[in-house]
Amino acid sequence: MKSLLWPLRLLIIVYIAFGAGSLVADHITQDSLPSGIRDYYYSEFFEQYPVVSNGIGAVTVCLMIISLIGLWSFWNPARYIYATGLAVAWITTPLMGPLVSTAWGRTLEDASTMAAGAILILIFFTDHRQSFIQKRSEPVGA
């Protein structure tokens, strides 16, 4: 069972690194886009509904931070918080309307999305899920 612990932690690091990397890469390489395409870089939804979009973003970020810390320490509710955070992010993405990403930003975002899917598989559909379910007689971390 212990051999299954390191892949989850590695995937969490990959998910965070590639997710943050995609934001940085998009920001840095935005000037490489033609000026006509750059006009679509910012979402209309964020401009029309700033309170709603910022609220959704803040909730999603909070859910993901709590869940990733929980997944790292194998806290059982973190599995469901993580799945909920991803569901909120994926369901609200179409609200953003047309989005333009740079090649580097999109590549890193896709890698982060694949890591998110791999994390879901590990925590729900493999023997790894047993790491999150503590027996009452075992102390935490045993």
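From a predicted model like this one, the values you see are computed outputs, not experimental measurements.

## Section: helix H6 (residues 103-125)
With 23 residues, H6 extends 32 Å between its outermost C-alpha atoms, agreeing within 8% with the 33 Å of an ideal straight helix rising 1.5 Å per residue. When H6 is considered as a whole, its buried residues turn out to be Gly-105, Ala-111, Ser-112, Ala-115, Ala-116, Ile-119, Leu-120, Leu-122 and Ile-123.

## Comments concerning the nonpolar core
With 18 residues, the main nonpolar core has Leu-8, Tyr-15, Leu-71, Tyr-82, Leu-86, Ile-119 and Ile-123 as its most contacted residues. Contributions of two or more residues to this core are made by helix H1 (5-29), helix H4 (50-72), helix H5 (76-92) and H6. In terms of residues, this core owes the most to one element, H6, which gives 6 residues. Those residues in contact with Ile-123 that sit more than four places away from it in its chain are Leu-8, Leu-71, Arg-79, Tyr-82, Arg-129 and Phe-132.

## Quick notes on the pattern of salt bridges
Scanning all chains against the criterion turns up 2 salt bridges. The residue Arg-106 makes a salt bridge to Glu-109 at a minimum N-O spacing of 3.4 Å. One end of the pair is Arg-106 and the other is Glu-109, both in helix H6 and 3 residues apart, which spans about a single turn. Taking relative accessible area as the criterion, Glu-109 reaches 31% and is therefore assigned partly exposed. Notably, a salt bridge pairs Asp-110 with Arg-106, separated by 3.2 Å at the nearest N-O pair.

## A word on the confidence of the model for the chain
Here the chain averages 85 in pLDDT, and 85% of its residues register 70 or above. Of all secondary-structure elements in the chain, the lowest mean pLDDT belongs to helix H3 (residues 44-48), at 68, while H6 reaches the highest, 94.

## Structural notes on the packing of H5 against H6
Here H5 crosses H6 at 145°, and the two axes come no closer than 11 Å. In this structure, H5 meets H6 at a crossing whose hand is left-handed. Of the residues in H6, those in contact with Arg-79, Tyr-80, Tyr-82, Ala-83, Leu-86 and Trp-90 of H5 are Ala-116, Ile-119, Leu-120, Ile-123 and Phe-124. Of the residues in the contact of H5 with H6, the class split is 10 nonpolar, no polar and 1 charged.

## Regarding the packing of H1 against H6
Where H1 contacts H6, the axes come no closer than 8 Å and their chain directions differ by 155°. Considering their axes alone, H1 and H6 lie roughly antiparallel with respect to each other. Regarding H1 and H6, the two cross each other, and that crossing is left-handed. On H6, the residues touching Pro-7, Leu-8, Leu-11, Ile-12, Val-14, Tyr-15, Phe-18, Gly-19, Gly-21, Ser-22, Ala-25 and Asp-26 of H1 are Trp-104, Gly-105, Leu-108, Glu-109, Ala-111, Ser-112, Ala-115, Ala-116, Ala-118, Ile-119, Leu-122 and Ile-123. Of the residues in the contact of H1 with H6, the class split is 17 nonpolar, 5 polar and 2 charged.

## Describing the packing of aromatic side chains
One pass over the structure, following the stated rule, counts 3 aromatic pairs. Ring centres of Tyr-15 and Tyr-82 lie 6.2 Å apart, and the angle between their planes is 75°; this geometry places the pair in the edge-to-face category. Residue Tyr-15 is located in helix H1, and its partner Tyr-82 is located in helix H5; the two are separated by 67 residues in the primary sequence.

## Things to note about the environment of Leu-63
Here Leu-63 is to be found in helix H4. In this structure the C-alpha to C-alpha distance between Leu-63 and Ile-81, which are 18 residues apart in sequence, comes to 6.3 Å. Those residues within four positions of Leu-63 in sequence are excluded, and the remaining contacts are Ile-81, Thr-84 and Gly-85.

Calculation criteria
- Residues numbered from 1 in each chain as written.
- Predicted model: local features only at pLDDT ≥ 70, side-chain atom pairs only at ≥ 80, totals over all residues.
- Heavy atoms only, no water.
- Helix = DSSP H or I, 4+ residues; strand = E, 2+ residues; numbered from the N terminus.
- Expected span 1.5 Å × (residues − 1).
- Buried < 20%, exposed > 50% of the residue type's maximum accessible area, 1.4 Å probe, protein only.
- Core = buried A, V, L, I, M, F, W, Y, C linked by side-chain atoms within 4.5 Å.
- Contact = heavy atoms within 4.5 Å.
- Salt bridge = Lys/Arg side-chain N within 4 Å of Asp/Glu carboxyl O.
- pLDDT = per-residue confidence, 0-100.
- Axes fitted to C-alpha atoms, helices over the stretch in contact; angles between N-to-C directions.
- Left-handed = near helix turned anticlockwise from the far one by under 90°.
- Nonpolar A, V, L, I, M, F, W, Y, C, P; charged D, E, K, R; others polar.
- Parallel < 35°, antiparallel > 145°, perpendicular 65-115°, else oblique.
- Phe/Tyr/Trp six-rings, centres within 6.5 Å; stacked < 30°, edge-to-face > 60°.

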